[in-house]
Amino acid sequence: MLGAPGKPRSLGVFCLCALLVLAGCETIKPQPAPPAPAPAPAPTPAPVPPGETPKPPAAEAGLLRQASWSDLPEWQTEDPSQAWEAFLIGCRALVKQDAWRDICTVADSIQRPDRETARRFFESSLTPFQLVTADGSEEGLITGYYEPLLRGSRKPSARYRHPVFGVPEDLLVVDLTEVYPELKGMRLRGRLDGRRIVPYYDRGQIELGHAAVTGREIVWVDDAIELFFLQIQGSGRIALEGGETLRIGYADQNGHPYRSIGRLLVERGELPLEKASM
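These figures come from a predicted structure and were not determined experimentally.

A. Examining the nonpolar core more closely. By size, the foremost hydrophobic cluster in this structure holds 15 residues, and its most contacted members are Phe87, Phe121, Phe122 and Leu126. Per-element accounting of this core gives the leading share, 5 residues, to helix α4 (residues 98-108). Apart from the residues lying within four places of it in its own chain, the contact partners of Phe122 are Trp69, Trp75, Pro80, Trp84 and Phe87.

B. Inspection of α4 at higher detail. The set of residues buried in α4 consists of Trp100, Ile103, Cys104, Val106 and Ala107. Along the axis of α4, the buried residues cluster in a sector spanning 155 degrees; they form a single face. Residues of α4 that are exposed and point more than 90 degrees away from the buried face comprise Asp98 and Asp108.

C. The pairing of strand β4 (residues 126-131), seen in detail. For β4, a buried count of 5 out of 6 residues is recorded, marking the element as mostly surrounded by other parts of the structure. In this sheet, β4 lies alongside strand β3 (residues 64-66) in antiparallel orientation, the contact comprising 3 bridges. Bridging across to β4, Arg65 finds its partner in Gln130.

D. Expanded view of helix α3 (residues 84-94). For α3, the full list of buried residues reads Trp84, Phe87 and Cys91. For α3, the angular spread of the buried residues around the axis is 55 degrees, confining them to a single face. Turned more than 90 degrees off the buried face of α3, the exposed positions are Glu85, Ala86 and Arg92. Looking at the packing, one finds that the buried side of α3 touches α4, α5 (115-125) and β4.

E. Seen up close, the pattern of salt bridges. Tallied over the full model, the rule gives 14 salt bridges. Across the pair Arg187 and Asp175 runs a salt bridge whose closest N-O atoms are separated by 3.7 Å. One end of the pair, Arg187, is in strand β9 (residues 187-193); the other, Asp175, is in strand β8 (residues 172-175), with 12 residues separating them in the sequence. Residue Arg187 is classed as partly exposed on the basis of its relative accessible area of 46%. Look at Asp175 and you get partly exposed, because its relative accessible area is 41%. Taking the shortest distance from any N to any O, the salt bridge between Glu207 and Arg203 comes out at 3.5 Å. Here Arg203 and Glu207 lie together in helix α6 (residues 203-207), a separation of 4 residues that amounts to about one turn. Residue classification places Glu207 among the exposed residues on the basis of a relative accessible area of 61%.

F. Representation of the sheet that holds β8. Here we have 3 strands laid out as an open sheet, ordered β8-β9-β10, and antiparallel in their pairing. In this open sheet, the two edge strands, each paired with only one partner strand, are β8 and β10 (196-199). Geometrically, the sheet is characterised by an average inter-axis angle of 55 degrees between neighbouring strands, direction not taken into account. Judged from the 4 bridges that link them, β8 and β9 form a sheet pairing that is antiparallel. Looking across to β9, one finds that Asp175 is bridged to Arg187.

Quick notes on the rules
- Residues numbered from 1 in each chain as written.
- Predicted model: local features only at pLDDT ≥ 70, side-chain atom pairs only at ≥ 80, totals over all residues.
- Heavy atoms only, no water.
- Core = buried A, V, L, I, M, F, W, Y, C linked by side-chain atoms within 4.5 Å.
- Buried < 20%, exposed > 50% of the residue type's maximum accessible area, 1.4 Å probe, protein only.
- Helix = DSSP H or I, 4+ residues; strand = E, 2+ residues; numbered from the N terminus.
- Contact = heavy atoms within 4.5 Å.
- Arc of directions from axis to C-beta.
- Pairing = 2+ DSSP bridges.
- Salt bridge = Lys/Arg side-chain N within 4 Å of Asp/Glu carboxyl O.
- Axes fitted to C-alpha atoms, helices over the stretch in contact; angles between N-to-C directions.

Right, dumping it as structure tokens:
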């Protein structure tokens, strides 16, 4: 539903669906009791109990503008039921907040909604807001987060031969804050060479087997280039052969500065400066 990350687009396109808050619902008037006692029907959960719609923090600063669902491009042609599972996963954390407890409880009671059911739920329970710039304009640049998806296996094979390693056992993290308070937040990475701490192995040395990574393999993937970009990005997902999807994230680094491929190609004269975007 969202545009490609990093491209200049209308800020409303990116944020109308992403920034949602609870909307109050009309109070359901109680029906008069029947003349004769009768078994009460099973309760039907209401989308959201009546109450004041909480405002997101940025709204008070003037960065958010309340909008309507009709303002969201292609909302009527999209299938919001495809976002249902992701919404329920988000509710696992949101349900701990008072403002979200009721709506997440209701959502959890709805099993596999179809397209229109999901649309009615979102429209009756949530309010879209449009993100605007400080001067009130609607055009700007938003950088999206890319999460690569690789194919892999928990066991190495001729196809899956590129290991994804955990943190090496011989990687040291040195925190000098107690001795030098001005270095707060800075940590050194290195390894022991006898009694000396020396810089840790660089990427080439690690790939040649110098680091203590044997036995630290998490999974094996089939594409070394995709693995390289996953490591740059810092996290990603790996679809395993059995259908399971493994999510992996950043754990540590070797202490060497990052050098982008684009910048390296520029230095070698193989890529014009204006095209170096990495």
